[in-house]
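Structure at a glance
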Amino acid sequence: MRLTDLFQRGEFVVTAEVGPPKGYHIDHLLHEVDEYLKGRVHAVNVTDNQSSVMRLGSLATCIALKNRGLNPIFQMTCRDRNRIALQSDILSAALFGIDNLLCLTGDHTTLGDNPQAKPVFDLDSVSLLHLVKKMESGEDMAGNALDGEPPKFSKGAVVSPCSDSVDVQLAKMEAKVKAGAEYFQTQAVYEPEKFIKFMEKAKQFGVPVQLGIVIPKNAGMAKYMNANVAGISVPDSMIAELQADKEKTKAGITGVEISARIIKECKAYCQGVHIMALGWESKVPDILKLAGM
Amino acid sequence: MLITQLKSKEAIEALVKGKVVIINCHGCKEVYFPEHEAEELQKELAANGNVTTVVTTDYICNPDHQCLQLKKHMDKIADADTVLVFSCGVGVQTVASFLEDKKVFAGCDTLPLPGFQGVTPLEFDCGRCGECYLNYTGGICPITACSKSLVNGQCGGSKNGKCEVDKDMDCGWERIYRKLEKLNKLDTLKYPAKVRNYNHPDMVSEDN
């Protein structure tokens, strides 16, 4: 089921994200998905060697989720494949009935666990979206005809609404929309007022936006993200909230409360929510419940 | 320009077997060569092994010049088991091609470095992409100023205006955006998706 169809129906689209393991055993991942996500979210993103850390492939994991009755979103980065491999994988996804793509540039290879790898970046998020659109019209990047019925996808992209250079991000968002992006998932939001301001500007593009949530696990994680993760800033008051009752935070209750609160505050300004649980998939049901969904 | 760095002492010692001829190229305006370090290392090699001669020249990559320079050392070279060349990769290849029956080894690793020795500053680099983007980007090169050489705008990895790869490096696309903003030319960035063309038949690829 294409995400765009859900947005068109006026659904508040709820998605979550899973990261494939560093190995090929996905029993644990499938268990988490069955237990906590199935029936609760519209679709599940599968990350593509997230943070440049080598893992099981996104496409293979998407197929496993599809076979399990879930609706996968195939994340594609431009870091590891040139345009030939990207196009080939897009066709492979179509073969398996995967019709949701999320097109990203990807983190640089030097940030991951194989920093010696060659960074590819033959395409980037914008030209990848352009490519998918081109393939949907029946030709490859170079203009050669595809055999048979062309594939059709929901083409997603990402944006950082709380970036310290939000104007530069908006310019990129516009380029993505022009290139074919039909929905956006955002980087983690901890400052609803910044998100709402961003949405006031972003709504001119006329594409649905899903609020990004990363469950804050503890104060250390929040501080780490502030120092190292682009586009994220956790306010001091929230760090204090995570520090106030250590047991409650450890049990995940504080993180769930903060996440649900952000969703509630932003819900009227966006068209969905995307929860990046980072291993805390078990908290997703509580967040959705507390947020009133 | 290029910069040559000595390989590790262990790596070089492992290459040196039997009688050794060393060839140093003190270069050209394109290559920076670590003369002092090379000299120190070669002194140690000579003390520990059988270095029969050291030839120091320039422009070793020019075949005619090389031929002339090596001519007077050909007896030593003919007698040597190994020829160890301290030069950029071009120099080593020229020597290996000229001395086709000899074991010719490189004593250096060669890396690219922006600018030209003593001529242009290091902070401006041309990626020699063959499809100049500078007219779109306020005169700041996205190929060399962006770690990912992105041509369609900033990625999500910029934090406080710095690049995700190196916190001391300004984000190239932040610079481009601010420059165009200052010039009141932000509309320049509203171009359709750009796709790099790596197929330049008349250009020998220098990227890997």
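Structure: above.
Notes on the structure follow. Nothing here was measured: the structure is a model prediction, and the numbers come from that model.

**Section: the overall build of chain B**
- Counting secondary structure elements, chain B contains 7 helices and 7 strands.
- N-terminal to C-terminal, the α/β element order of chain B is β-α-β-β-α-β-α-α-β-α-β-β-α-α.
- The C-alpha atoms of chain B give a radius of gyration of 22 Å, which is well past the 17 Å a tight globule of 208 residues would have.
- Along the longest, intermediate and shortest principal axes, the C-alpha atoms of chain B span 70 × 35 × 25 Å.
- For chain B, buried positions account for 34% of its 208 residues.
- Across chain B, contacts joining residues at least 24 apart in sequence account for 60% of those joining residues at least 6 apart.

**Things to note about the overall build of chain A**
- Each helix and strand counted, chain A has 12 helices and 8 strands in total.
- Computed over its C-alpha atoms, the radius of gyration of chain A comes to 18 Å, within 12% of the 19 Å expected for a compact globule of 293 residues.
- Dimensions of chain A along its principal axes, counting C-alpha atoms only, are 60 × 45 × 45 Å.
- Counting the 293 residues in chain A, one finds 49% classified as buried.
- Counting only contacts in chain A whose residues sit at least 6 apart along the sequence, the fraction spanning at least 24 positions is 78%.

**A look at the sheet that holds strand E5 (residues 154-159) of chain A**
All names here are of chain A.
- Strand order in the closed barrel formed by 8 strands is E1-E2-E3-E4-E5-E6-E7-E8, with parallel pairing between adjacent strands. For this sheet the average axis-to-axis angle between neighbouring strands, irrespective of direction, equals 25°.
- With 3 bridges connecting them, strand E2 (residues 43-46) and strand E3 (residues 72-77) associate as parallel partners. Following the sheet pairing, Val46 is matched in E3 by Phe74.
- Across the sheet, helix H11 (residues 253-266) touches strand E7 (209-214) and strand E8 (272-276), and the angle it forms with E7 is around 160°.

**Topic: the pairing of E7 of chain A**
Residue and element names in this part refer to chain A.
- A large share of E7 lies buried, amounting to 6 of its 6 residues.
- Of the two faces of E7, the one carrying Val209, Leu211 and Ile213 and the one carrying Gln210, Gly212 and Val214 are both buried.
- Pairing analysis gives 3 bridges linking strand E6 (residues 183-188) to E7, with the strands arranged parallel. Bridging from a neighbouring strand, Ala188 pairs with Gly212 of E7.
- In this fold, the crossover linking E6 to E7 by way of helix H7 (residues 192-202) has right-handed handedness.
- Bridge count for E7 against E8 is 5 bridges, and the pairing is parallel. The residue bridging Gly212 from the neighbouring strand is His274, located in E8.

**Looking at unusual backbone geometry**
- Unusually for a residue other than glycine, Ser51 of chain A sits at a positive phi of about 60°.
- For Ser51 of chain A, the position within the fold is in the loop between E2 and helix H3 (58-67).
- Look at Ser51 of chain A and you get partly exposed, because 13 C-beta atoms sit within 10 Å.
- If you check the backbone angles, Asn160 of chain B has positive phi at about 50° while not being a glycine.
- Structurally, Asn160 of chain B can be placed in the loop between helix H6 (142-145) and helix H7 (172-182).

Parameters at a glance
Residues numbered from 1 in each chain as written. Chains lettered and ligands numbered in written order. Predicted model: local features only at pLDDT ≥ 70, side-chain atom pairs only at ≥ 80, totals over all residues. Helix = DSSP H or I, 4+ residues; strand = E, 2+ residues; numbered from the N terminus. Rg over C-alpha atoms; globule rule 2.2 N^0.38 Å. Buried ≥ 20, exposed ≤ 12 C-beta atoms within 10 Å, placed from the backbone. Contact = placed C-beta atoms within 7 Å. Pairing = 2+ DSSP bridges. Axes fitted to C-alpha atoms, helices over the stretch in contact; angles between N-to-C directions. Right-handed = clockwise from strand over helix to strand, strands pointing away.

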